[in-house]
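An overview of the molecular structure
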Amino acid sequence: YNIHRSQEIQNIENILNKISTKYHSDINFRYSSIMNEENDFIINYLKNRFPKINFYNFYTAPPLQEDLSRSRIVICTNPETTLAQCIISKRPTLLYLDKNHYKFCTKSNKMLKLLKKEKIYFDNPNSLGNFINKISINSINNSFIFQKNKKILQIFETNFFNIDKDWLNKWKNFLINLC
């Protein structure tokens, strides 16, 4: 939990408000909370505000890979492991971050600028909501929309979470050489 939690919830609410209600029943909102459902006031608030949206805690939800396989588009709200998993899985993925809540190095800021230009990264909830409505209304295959972003996402992968196919042998050799 970061200190900006209440503002982040407000931003998520703004995004959901901006998305046309006719798409709400298609939204699966995957959240993380160790609180039991009855006491989770944030999720209960969102569930009451958006009754057509499917909310579920990732602790009891299907594995992320299963979720990704049935998702037409994924929106990540933090620059962590889930973002890497979504992009690596080649699912159309968008990133929303409130720019006031994060501090990044120069390299990361340059990457965010490229991602923003390609409409992969958004720092304004209204812009993100409008973009989602636009691609949903056009009913174009989302993967087609994101095909043009392949190159930028490959650069992102390489620079921020490069995956080596021979990772097991490299780690094994690294650990053997420690002894």
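Refer to the preceding data block for the structure.
Scope of this entry: the structure provided in the associated data block. (Residues numbered from 1 in each chain as written. Predicted model: local features only at pLDDT ≥ 70, side-chain atom pairs only at ≥ 80, totals over all residues. Heavy atoms only, no water.)

Here's the deal with the overall build of the protein
Which entries qualify depends on this criterion: Under the DSSP-based scheme used, a helix requires at least four consecutive residues in state H or I and a strand at least two consecutive residues in state E, with every element numbered from the N terminus. The classification of residues rests on relative accessible area computed with a 1.4 Å probe and restricted to protein chains. Under 20% of the type maximum is buried, over 50% is exposed, and intermediate values are partly exposed. Whether two residues are in contact is decided by their heavy atoms: any pair within 4.5 Å suffices. We get accessible surface area from the Shrake-Rupley algorithm with a probe of 1.4 Å; when it comes to residues, only the shown protein chains can shield them.
Within the protein, the secondary structure is distributed over nine helices and five strands. Moving toward the C terminus, one meets the helices and strands of the protein in the order α-β-α-β-α-β-α-β-α-β-α-α-α-α. Viewed in the frame of its principal axes, the protein has a C-alpha envelope of about 55 × 40 × 30 Å. Of all 179 residues assigned to the protein, the portion counted as buried reaches 37%. Of the contacts made within the protein by residues no fewer than 6 positions apart, 65% connect residues no fewer than 24 positions apart. Accessible area of the protein: about 11,900 Å², with a carbon and sulfur share of 54%.

So, helix 4 (residues 81-88)
Basically, it comes down to this: Note: the arc covers the axis-to-C-beta directions of the helix.
Within helix 4, burial applies to L83, A84, C86 and I87. Taken down its axis, helix 4 places every buried residue within 165° of arc, on the same side. Against helix 3 (64-69), strand 3 (74-76), strand 4 (93-96) and helix 8 (150-160) lie the buried residues of helix 4. Directly beyond the C-terminal end of helix 4, a positive phi value near 70° is found at K90.

Brief notes about helix 1 (residues 5-18)
Every α-helix carries 3.6 residues per turn, so stepping three or four residues along brings you back to the same face. Heads up, the rule is: Expected span of a helix, by definition, is 1.5 Å for each gap between consecutive residues, and there is one gap fewer than residues.
For helix 1, built from 14 residues, the straight-helix expectation of 20 Å at 1.5 Å per residue is met to within 8% by its first-to-last C-alpha distance of 20 Å. Those residues of helix 1 that fall on the buried side of the exposure criterion are E8, I9, N11, I12, E13, I15 and L16.

Quick look at the sheet that holds strand 5 (residues 121-122)
Under the convention used in this document: Any two strands are treated as partners once DSSP identifies two or more bridges connecting them.
Here we have three strands laid out as an open sheet, ordered 3-4-5, and parallel in their pairing. Edge strands, defined here as strands with exactly one partner in the open sheet, are strand 3 and strand 5. As judged from the three bridges shared by strand 3 and strand 4, these two strands associate in the parallel manner. Considered in strand 4, the bridge of I75 is made with L94.

Brief notes about the state of the cysteines
Formally: Cysteine sulfurs are considered disulfide-paired once they come within 2.5 Å of each other.
Applying the stated criterion across every chain, the model contains zero disulfides. Not part of a disulfide, C76 finds its nearest cysteine sulfur in C86, a span of 3.9 Å. Taking the relative accessible area as the measure of exposure, C76 reaches 5% and is therefore buried. Relative accessible area serves as the criterion here: at 1%, C86 is assigned to the buried category.

Some points on the pattern of salt bridges
Threshold: Salt bridges are defined as contacts in which a side-chain nitrogen from Lys or Arg sits within 4 Å of a carboxyl oxygen from Asp or Glu.
Considering all chains together, one arrives at seven salt bridges under this definition. For R72, the salt bridge identified is with D26, shortest N-O distance 3.7 Å. Linking R72 in the loop between helix 3 and strand 3 with D26 in the loop between helix 1 and strand 1 (28-31), this pair joins segments that are 46 residues apart in sequence. Judged by relative accessible area, R72 falls into the exposed class, the value being 59%.

Focus: unusual backbone geometry
If you check the backbone angles, K90 has positive phi at about 70° while not being a glycine. If you trace the backbone, K90 turns up in the loop between helix 4 and strand 4. Positive phi outside glycine occurs at K119, with the angle close to 60°. Note that K119 resides in the loop between helix 5 (106-117) and strand 5.

What to know about the pairing of strand 4
Put simply, the rule reads: When the strands point away from the viewer and the path from the first strand over the helix to the second turns clockwise, the crossover is right-handed.
Along strand 4, one buried face is formed by T93 and L95 and the opposite face, lined by L94 and Y96, is buried too. The β-α-β motif built from strand 3, the intervening helix 4 and the parallel element strand 4 has right-handed crossover chirality. Examined bridge by bridge, strand 4 and strand 5 share two bridges and lie parallel to one another. Looking at strand 5, one finds that L95 is bridged to Y121.

Nothing here speaks to function; it is geometry throughout.
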